[in-house]
Amino acid sequence: MYLASVPFEQIGLRTNVGTTAYPVYTKEFLYAVPVVLTLLPPLLVAMSRARRETEPADRDGEHDEKGEA
Amino acid sequence: MKGAIERRAGLLAEVRSFAAFLAREARPKGRVWTPFNVVSGLVMLVGAVLLVIRFAKGLGSITNLSQDYPWGLWIGFDVITGVAFAGGAYVLTFMVYILGQEKYHPIVRVTVLNGFLAYLFYAGALLLDLGRPWNVVNPIIGNAFGTSSVLFLVAWHFLLYMLAELVEFSPALAEWLGWERVRRILGAMTLGAVVFGITLSTLHQSGLGALYLMARDKVHPLWYSEFIPILFLVSSVFAGLSMVIFEGSITHRVFQHRVGRKLAASHDGIVVGLARIAGASMVVYLVLQLLVFAHGQRWVYLGTGMGAWYLLEMVGLVLVPAVLFLRGYRRGDVRLIRAAALLTMLGIVMNRLNVSVIGFKWYAAERYIPSWMEIEVTLAVIAAEIWVFRWIVSRMPVLGAAFERPRVVQAEPQPRVAAA
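Throughout this document, residue positions are counted from 1 along each chain, in the order its sequence is written. Numbering of ligands from 1 and lettering of chains from A proceed in the order in which they are written. The predicted origin of the model limits local features to residues at a pLDDT of at least 70 and limits the giving and counting of side-chain atom pairs to 80 or more, whereas totals for whole chains, interfaces and linings rest on all residues. Side-chain descriptors were evaluated using all non-hydrogen atoms of the structure, hydrogens and water having been removed beforehand.

Participant: Looking at this structure, how should I read the interface of chain B and chain A?
Facilitator: Accessible area lost on assembly of the parts is the figure often given for the size of an interface. In what follows, a contact means two residues having at least one pair of non-hydrogen atoms within 4.5 Å. On the side of chain A, 29 residues touch chain B, which itself brings 38 residues to the contact. Once two parts are joined, some of their accessible surface, as seen by a 1.4 Å probe, is lost; buried area is that loss totalled over both. Roughly 3000 Å² is buried in total at the junction of chain B and chain A, and carbon and sulfur atoms are behind 64% of that figure. A carboxyl oxygen of Asp or Glu within 4 Å of a side-chain nitrogen of Lys or Arg is what we treat as a salt bridge. Where chain B meets chain A, there are 0 salt bridges. Residues adjacent in sequence count toward polar contacts only when both atoms are side-chain atoms; beyond that, a polar contact is any pair of N or O atoms within 3.5 Å, and within protein one must be able to donate a hydrogen and the other to accept it. Our count for the chain B to chain A interface comes out at 2 residue pairs in polar contact (both at pLDDT 80 or more). Each helix is a run of DSSP H or I of at least 4 residues and each strand a run of E of at least 2, with the numbering of both proceeding from the N terminus. Residue assignment for the side of chain B that touches chain A shows that the elements contributing at least two residues are helix 4 (88-98), helix 8 (150-177), helix 9 (180-188) and helix 10 (190-210) of chain B.

In structure tokens form, the structure reads like this:
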């Protein structure tokens, strides 16, 4: 805590530090994390399944088909 | 009794032949005293000496880092830029395993390997930068679960993503060792690892940007915005793809004998396809940047020196290469595409450094400039990564092998058949 009889700028203290608590800056981003973490994987699996079901014959790929579900 | 002894002898012979195989593989293949080896070897040697000094005497002994600038080149370039370049792995696995674009299958392995090594070395370089590197386990073992911290998220994601990439790459390892059953098990885990890996990548590519959300007053307003996470994510797409194109053009020259005829024939088509995706994602990125530019009313800064620097980045190293990419795609011009990839990579380096180093505390009277030793160590890390990459590519089925599949693996199985 600093007390001064002159404005802070005059003694070289920063005055643009703001009043926002640090966690607030990233709160929105961090709220998006569980959403992405839970929604993206099923979406990706669904896309891959949909693609495979529309494809006539499965080509010989890198992955084995078994146990992928 | 006799059976047990025989089994033990068999096991011993197995272990011995395996050790012999590893010893054989550990030996260098090809010439040792090449100019590249000498130069990069020296760079690593000097880097190692500097690192001994750094760990003995602390960060201040070889870096220009201070309380005012705790994050310098090792974070801004090695970690933040390196991870963006490693983005090719998640983009390609998405295209091949999720969208089923088999055309790109031949380069998946080398890209995943590249991504994995990038994380191992460049995120690993984080350890050099930590004042007390042993504390790096704290976020993992729960000594400090900082669930409201982006850094905590990034720490976990780095770890998990490295594991996911290791699983994605592991079939190549198993093939190299000649472990067919293990390979099948690992191969079955690929899709799971890919889905997990893409999700993690989305979050930590943007997470690296989110770290800077907290530095609202420190990052230059031309680079700060609430959208940094999204901009980092979108730019990691073309950063990664440019790296894939760049790496491919070198790999195909150096490892000609490992590439295989099929991949060599299809590679130009692959590059042209990648150019289209890179170009398109750059257009998306530019539109986003334009929105952020207007939203933040950034035109007031354009007249300054930083404004010129910003324009150079956005026009010279994003817009121009985007046009070159799309033109290269139209004409099927691989050389033009390579030039575009190089420009794009420069732009990414510039962008990440602008956020993390150059535009960081841009107002301060005393600025951070990395010491030559910081640059040296960075070069040493890159050299070490290239050495490991080369070692793996010249031994394991990374290039070509993945799609010329029925071919049996390099690992000579004869000694072990004899032992069994």
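Participant: Just checking my understanding: could you explain the pattern of salt bridges for this structure?
Facilitator: One side chain can pair with another of opposite charge once the charged atoms of both are near each other. Residues and elements named next belong to chain B. If you walk through the whole model with that rule in mind, you get 4 salt bridges over all chains. The partner of D68 in a salt bridge is K361, and the shortest N-O contact between them spans 3.9 Å. Highlighted residues: D68 in the loop between helix 2 (35-57) and helix 3 (73-85) and K361 in the loop between helix 15 (334-358) and helix 16 (372-393), separated in sequence by 293 residues. The rule is simple: take the accessible area with a 1.4 Å probe, protein chains only, and divide by the maximum for that residue type; under 20% is buried, over 50% is exposed, in between is partly exposed. Among the residues examined, D68 registers a relative accessible area of 49% and is labelled partly exposed. Using a relative accessible area of 12% as the deciding quantity, one classes K361 as buried. One salt bridge in this structure joins R183 and E175, with 2.8 Å as the shortest N-O distance. We classify E175 as buried; its relative accessible area is 10%. A cluster of three or more residues bridged by salt bridges with shared partners is formed by R109, E175 and R183.

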